[in-house]
Amino acid sequence: MPLRKYPSLEEWNNHIELDANSWPKKVEKIYSLVPTTCFNCESACGLLAYVDKESGEVARFEGNPHHPGSRGRNCAKGPATINQIKDTERILHPMKRVGKRGDGKWEQIPWSQALEEIASKIRDSLNTGARDKVVYHVGRPGHEGFTNRVLKAWGVDGHNSHTNICSAGARLGYALWHHHDRPSPDHANAKVILLCSSHLETGHYFNPHAQRILEGMMDGAKLIVIDPRLSNTASMADHWVPTWPGSETALFLCWAKMIVEKGLYNREFMETQVNWAQWLEIEHADGPQTFERFIELLLEEYAEYTPEFAAKECRIPVEQVIEVGEIVANSGTQLCTHVWRAAAIGNLGGWQVSRSLHFLNVLTGSVGTVGGTSPNSWSKFKPEFFDNPPDPAGWNELHFPPEYTMSHFEMSHILPHLIKDGRGSMDVYFTRVFNPVWTYPDGFSWIEMLNDTEKVGCHIAMTPTWNETAFFADYVLPMGHSSERHDINSYATSSGKWVAFRQPVLREFARREGKDVEFTHEVNPGEVWEEDEFWNELSLKIDPDGSMGIKKHFMSPYREGETINIDEYYRYIFDRVPGLPEAAEVEDTDPLGYMRKHGAFLIEEATYKKYEKEGWATPSGKQEFYSPTMIEFGYPEHAVPHYRVMSQVHPSKLQGENEFCLLPNFRLPMHIHSRSANAKWLVEIAHKNPIWIHPKDANKLGVEEGGLLKIETEIGWFVDKVWVTEAIKPGVVGCSHHIGRWRRKQDAGNRMMTNTVSIENRGNGKWRMRTVAGIEPFESDDPDTNRLFWRDGGVHQNITHAVQPDPISGHHCWLQKVKLSTPKDGEEYGDVEVDTEKSFAYYKKWNQMAKDRETHPRGERRPLWMKRPLSPQKKYWYMNQEEE
Ligand code: SF4
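First things first, this report covers the structure right here in the doc. (Residues numbered from 1 in each chain as written. Predicted model: local features only at pLDDT ≥ 70, side-chain atom pairs only at ≥ 80, totals over all residues. Heavy atoms only, no water.)

### Here we look at the overall build of the chain
(1) Moving on: In terms of regular secondary structure, the chain is built from 28 helices and 30 strands.
(2) Moving on: Over its C-alpha trace the chain gives a radius of gyration of 27 Å, about what one expects of a compact globule, namely 29 Å for 884 residues.
(3) Moving on: Considered along the principal axes of its C-alpha atoms, the chain spans approximately 75 × 70 × 70 Å.
(4) Moving on: Taking all 884 residues of the chain together, the buried fraction comes to 65%.
(5) Moving on: Of all intrachain contacts in the chain linking residues separated by at least 6 positions in sequence, the fraction that spans at least 24 positions is 73%.
(6) Moving on: Counting 100 positive and 122 negative side-chain charges, the chain places the centres of these two groups 2 Å from one another. (Helix = DSSP H or I, 4+ residues; strand = E, 2+ residues; numbered from the N terminus. Rg over C-alpha atoms; globule rule 2.2 N^0.38 Å. Buried < 20%, exposed > 50% of the residue type's maximum accessible area, 1.4 Å probe, protein only. Contact = heavy atoms within 4.5 Å. Lys, Arg positive; Asp, Glu negative; His and termini not counted. Charge placed at Lys NZ, Arg CZ, Asp CG, Glu CD.)

Written out as structure tokens, the structure is:
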């Protein structure tokens, strides 16, 4: 048989290949190939599960060539799904705590008991009339609106997310321009690709973007990467621009000025799509109201952003500012830009970074063009549901406190501090694929909050693997990995619009074999379930007789008087995907059948220039260079893009002895935030997180490769080993965000990548963590667990970080001002100490910045035209609800 890339679709029900393990004998294996999507980052690339027809088990995962985003390819994390589902230490059954919360003692309970008990607690809370005390806090969402529909059916403003430690900084910058809050670069067709981040590694659209960047580069595109760290992406770039963290805005505004000065702006786009006339009318009424005058005023407005100024702020050679600026200025409509996490989530004022980056697209007219950058929502499919419950009648001030008027997402990173501040409490708190004790800054404050049963009445951790947050739960519910659950996915990974179907592959295999399955946990390992069916069944348990008005939102649209099942839920949505019914008909199936078979569907080949039909959903109906919203909400100095806020790690703020900027918000490309700990192939590649330090700084501090440094933050310190490398900018030290996992002696799971630690609460907010043992081989059904050769599991740095909520966008400013020194006697590798009283005082200081500028024009809590996830009814958007 000739070599080919993928088995043809006709063979997917009966694919025969020779078993490699039986070589040199020629033993045939027969597989059913079932498509699903990866859950190990947001991209939702296609996977193809090879189900062994004899054993009925998944043997491996490969790429799904029918997926328009990933086109048959995956990064290392995709195929490693097999490690996750075969993890010998995964949670297989619902667990309920025994003893005190956090003691680490559990009993296995049946799903029926878990549903009854949790439903009764939710019912009790809802019956009090509260609309903000049942909360769903999500880490990796991976679905389109399923849970928001459920929360609306319950009538609670109960959605919380991880976004303010992730993308929220960038989102505000984009939203100010055009309401859409994310970029979608068309890398494959670009002339210039400008990345202000190591975003390929940090997880956003890693594989789909990487393959298109390569295509663009093979076609002659220049790759520019702005990052103080030589990331893998930067190492492949034509130009690595290692800016000082937080200075990026100065650089972009300098390049903006260069474009205007050289006359390289796109007059047609600017003149027709930008609200320049509004700026002239309000701010410059005394002169001619012409486009020419606007250009003159632009040059005046941005006069200060010279190459010399940018070079000084960025601490890079002025020649580099000019050389790379020339490339950007001459990119025309084929300028692809992207910022994700990185500078936009690292710094006070990080939202300025995306705002000024998008300015370059506006000036060059590369918004929505072939080879340019489009708003992501143009490429995103939004499902139509069988039932739409009303929006919640309430406003959750623990999620959107009134002083954070422009916060684009929930203030989740200060939840423990708001609760400590007496702002509220929670009756029922779901953490879902979410591990804030470990992932978030100031994890000891999370432990304090979770241990307080007055403040958190019931904590339910929904997770496929044990994690540091689940240790402090009342119930731990085992949820499926990517091949064990249903979800719909659609992301702006390319210039087209697609929808993909994550399906539990053993359920589809059972269907192909003619077996009936009622619930997904019947076919998954142990009793592992999926959220979709869990939420439906839980909702019916909360309101079994329909008297609370919840049950009616879970009735089948196809069977009168019966409750909905999961196939009907997806059938309803897929029947309404444009073009899908027709494509299904060609293959003599229905839309659900098509999605089960192919796993994905391309809705639109390309989504360029949608503004020509849709316009811009801003108050002016234009791209808002000038933002009256910013003025109304008390920030007139930010009416137009500027570099007016200095980062908390600006060099002028690092004046103490041996003070450095700690860059903690990058990750190694083979790790998933907190779910790769027992993905053995991934852990084998990387399992420790040393401090990256430039040779000049290492010399100054007298530390050598492998030596120890004590890193002091505003609230505590940790001790880490050193990696001396020129891949980091002098004055900046780096530490990977996704390693340093731990468990205590009494905790289970993740032994391939967790140190055993002791945690000591020394009173008055003083906490200490010590490494008791590193990683050790262990016996299990998988012989590989006894072959672990690594011992060093790294250090938990995040727990020593102070929370730093940006007063405008609300995002956490990840970069930390740190002091470096040689550890004292008795301070060992892996030691961590934190004072949560200091962290609370520090939170208060940052919180005050928002309070000082709190303004509510017309009584609005936040701008009515901006997005909010799970929006309450409009009248609750006002401080005084009468003012609708
Ligand atoms: S890029 Fe993301 S979705 Fe795609 S294979 Fe890697 S982890 Fe999975």
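### Let's talk about helix α23 (residues 591-598)
(1) Moving on: With 7 of its 8 residues buried, α23 lies for the most part within the structure.
(2) Moving on: Among all positions of α23, only Pro591, Leu592, Gly593, Tyr594, Met595, Arg596 and His598 are buried.
(3) Moving on: Where the residues of α23 are buried, they touch β2 (28-37), β19 (497-502), α19 (505-512), α21 (566-574), α22 (580-586) and β20 (600-604).

### Comments concerning the packing of aromatic side chains
(1) Moving on: Summed over the entire model, instances satisfying the criterion amount to 52 aromatic pairs.
(2) Moving on: Measuring from ring centre to ring centre gives 5.8 Å for Trp279 and Phe294, while their planes differ by 90°; the resulting arrangement is edge-to-face. Placement of the pair is Trp279 in helix α10 (residues 276-283) and Phe294 in helix α11 (residues 291-301), with a sequence separation of 15 residues.
(3) Moving on: Among the aromatic residues, ring-to-ring pairing joins Trp177, Tyr265, Trp276, Trp279, Phe291, Phe294, Tyr302, Tyr305, Phe309, Phe359, Phe625 and Tyr643 into one connected group.
(4) Moving on: Over the face of the ring belonging to Phe39 we find Arg675, whose NZ or CZ atom lies 4.7 Å from the ring centre. (Phe/Tyr/Trp six-rings, centres within 6.5 Å; stacked < 30°, edge-to-face > 60°. Lys NZ or Arg CZ within 6 Å of the ring centre and 35° of its normal.)

### What about the nonpolar core?
(1) Moving on: Formed by 67 residues in total, the largest nonpolar core has its most connected members in Met426, Tyr429, Met449, Val476, Ile693, Trp742 and Leu820.
(2) Moving on: Contact partners of Tyr429, with chain neighbours within four places excluded, come to Val135, His137, Leu415, Phe434, Trp446, Met449, Leu450, Val456, Cys458, His459 and Ile460.
(3) Moving on: Counting residues in each nonpolar core, the second largest holds 61 residues, with Leu251, Phe294, Phe359 and Trp616 among its members. (Core = buried A, V, L, I, M, F, W, Y, C linked by side-chain atoms within 4.5 Å.)

### Let's talk about the packing of helix α8 (residues 248-261) against helix α12 (residues 307-314)
(1) Moving on: Their axes nearest at 8 Å, the elements α8 and α12 cross at an angle of 165°. Here α8 is positioned roughly antiparallel relative to α12, judged by the angle of their axes. By crossing handedness, the relation of α8 to α12 is classed as left-handed. Two secondary-structure elements touch here, α8 through Ala250, Leu251 and Cys254 and α12 through Pro307, Phe309, Ala310, Glu313 and Cys314. (Axes fitted to C-alpha atoms, helices over the stretch in contact; angles between N-to-C directions. Parallel < 35°, antiparallel > 145°, perpendicular 65-115°, else oblique. Left-handed = near helix turned anticlockwise from the far one by under 90°.)

### Describing the sheet that holds strand β16 (residues 456-463)
(1) Moving on: Taken together, the 7 strands give an open sheet; going across it, the order is β6-β5-β17-β16-β15-β7-β8, and neighbouring strands pair in mixed fashion. Each edge of the sheet is formed by a strand with only one pairing partner; in this case those strands are β6 (106-108) and β8 (159-160).
(2) Moving on: Across 4 bridges, the pairing between β16 and strand β17 (residues 475-478) is parallel. In the strand pairing of β17, Ala461 is matched with Val476.
(3) Moving on: The sheet contacts of helix α18 (residues 443-451) involve β7 (134-138), β15 (426-432) and β16, and relative to β15 the element is tilted by about 130°.
(4) Moving on: Set on the sheet, helix α20 (residues 531-542) makes contact with β7, β15, β16 and β17; between it and β15 the angle comes to about 160°. (Pairing = 2+ DSSP bridges.)

### Section: the site of the ligand
(1) Moving on: Around the ligand, the neighbouring residues are Cys38, Asn40, Cys41, Ser43, Ala44, Cys45, Asn74, Cys75, Lys77, Gly78, Phe206 and Asn207.
(2) Moving on: Here the residues of the shell around the ligand are counted per class, giving 6 nonpolar, 5 polar and 1 charged. (Near = heavy atom within 4 Å. Nonpolar A, V, L, I, M, F, W, Y, C, P; charged D, E, K, R; others polar.)

### Some details on the pairing of strand β13 (residues 335-338)
Taken residue by residue, a regular strand's side chains alternate between the two faces of the sheet.
(1) Moving on: Residues Leu335 and Thr337 point to one face of β13 and Cys336 and His338 to the other, with burial holding for every one of them.
(2) Moving on: Across 4 bridges, the pairing between strand β10 (residues 192-195) and β13 is parallel. Within β13, the position partnered with Leu195 by the bridge is His338.

### With respect to the pairing of β2
(1) Moving on: Most of β2 sits inside the fold, with 7 of its 10 residues counted as buried.
(2) Moving on: Where strand β1 (residues 15-18) and β2 come together, 4 bridges link them in antiparallel fashion. Within the sheet, the bridge partner assigned to Leu18 lies in β2 and is Glu28.

### Some points on the pattern of salt bridges
(1) Moving on: Per the stated rule, a full pass over the model turns up 60 salt bridges.
(2) Moving on: Here Asp181 makes a salt bridge to Lys867, at a shortest N to O gap of 3.8 Å. Of this pair, Asp181 sits in the loop between α4 (168-178) and β9 (183-185) while Lys867 sits in the segment after α28 (836-852), and the two are 686 residues apart along the sequence.
(3) Moving on: On the basis of relative accessibility, which here comes to 29%, the residue Lys867 falls in the partly exposed class.
(4) Moving on: A salt bridge links Lys610 to Glu604, with the shortest nitrogen-to-oxygen separation between them at 3.0 Å.
(5) Moving on: The exposure class of Lys610 is buried, given its relative accessible area of 15%.
(6) Moving on: The structure contains a network of salt bridges with shared partners spanning Glu760, Arg762, Arg768, Arg770, Asp831 and Glu833. (Salt bridge = Lys/Arg side-chain N within 4 Å of Asp/Glu carboxyl O.)

### Things to note about the packing of α4 against helix α15 (residues 351-364)
(1) Moving on: The geometry of α4 relative to α15 is characterised by a closest axis approach of 6 Å and an angle of 45° between their N-to-C directions. Looking at the two axes, α4 sits oblique to α15. Once α4 is placed against α15, the crossing between them reads as right-handed. Residues Gly169, Ala170, Leu172, Gly173, Tyr174, Leu176, Trp177 and His178 of α4 touch α15, and the partners they reach there are Trp351, Ser354, Arg355, Leu357, His358, Phe359 and Val362.
(2) Moving on: Among the residues forming the contact of α4 with α15, the class breakdown is 9 nonpolar, 5 polar and 1 charged.

### Examining the environment of Thr563
(1) Moving on: With respect to the helices, strands and loops of the structure, Thr563 is situated in the loop between α20 and α21.
(2) Moving on: In contact with Thr563, not counting residues within four places along its chain, are Leu540, Lys551, Phe554, Met555, Ser556 and Glu568.

### Concerning the environment of Tyr569
(1) Moving on: As for its position among the elements, Tyr569 is in helix α21.
(2) Moving on: Assessed through its relative accessible area of 4%, Tyr569 is described here as buried.
(3) Moving on: Distance from Tyr569 to Phe444, taken between C-alpha atoms, is 40 Å for residues 125 residues apart in sequence.
(4) Moving on: Setting aside residues up to four positions removed in sequence, Tyr569 forms contacts with Phe146, Arg149, Phe385, Phe386 and Ile564.

### Considering the side chain of Asp474
(1) Moving on: Here Asp474 lies in the loop between β16 and β17.
(2) Moving on: Separated by 2.4 Å, the side chains of Asp474 and Arg97 make a polar contact.
(3) Moving on: Excluding residues that lie within four positions of it along the chain, Asp474 makes contacts with Met95, Lys96, Arg97, Arg101, Trp106, Gly457, Cys458 and His459. (Polar contact = N/O pair within 3.5 Å; in protein donor to acceptor, adjacent residues only side chain to side chain.)

### Focus: the sheet that holds strand β3 (residues 46-52)
(1) Moving on: One open sheet holds the 4 strands; their spatial order is β1-β2-β3-β4, and the pairing between them is antiparallel. Two strands bound the open sheet, and with one partner strand each, they are β1 and β4 (58-63). The average undirected angle you get between the axes of adjacent strands in this sheet is 40°.
(2) Moving on: Along the sheet, α19 makes contact with β2, β3 and β4, crossing β2 at roughly 125°.

### Comments concerning the side chain of Ser354
(1) Moving on: One can find Ser354 in helix α15.
(2) Moving on: Relative accessible area serves as the criterion here: at 0%, Ser354 is assigned to the buried category.
(3) Moving on: Contact partners of Ser354, with chain neighbours within four places excluded, come to Gly169, Ala170, Gly173, Tyr174 and Val339.

### With respect to the environment of Lys688
(1) Moving on: Take Lys688: it is sitting in the loop between α26 (680-685) and β22 (691-693).
(2) Moving on: The partly exposed category is assigned to Lys688, whose relative accessible area is 44%.
(3) Moving on: As a C-alpha pair, Lys688 and Asp720 span 32 residues in sequence and 10.0 Å in three-dimensional space.
(4) Moving on: When sequence neighbours within four positions are dropped, the list of residues in contact with Lys688 reads Ile739, Asp792 and Gly794.

### Section: α12
(1) Moving on: Along α12, the residues that are buried comprise Pro307, Ala310, Ala311, Glu313 and Cys314. Take α12 and look down its axis: the buried residues cluster within an arc of 165°, on one side only.
(2) Moving on: Lining the buried residues of α12 we find α8 and α13 (318-329).
(3) Moving on: Of the residues flanking the end of α12, it is Arg315, one or two places downstream, whose phi is positive at about 55°. (Arc of directions from axis to C-beta.)

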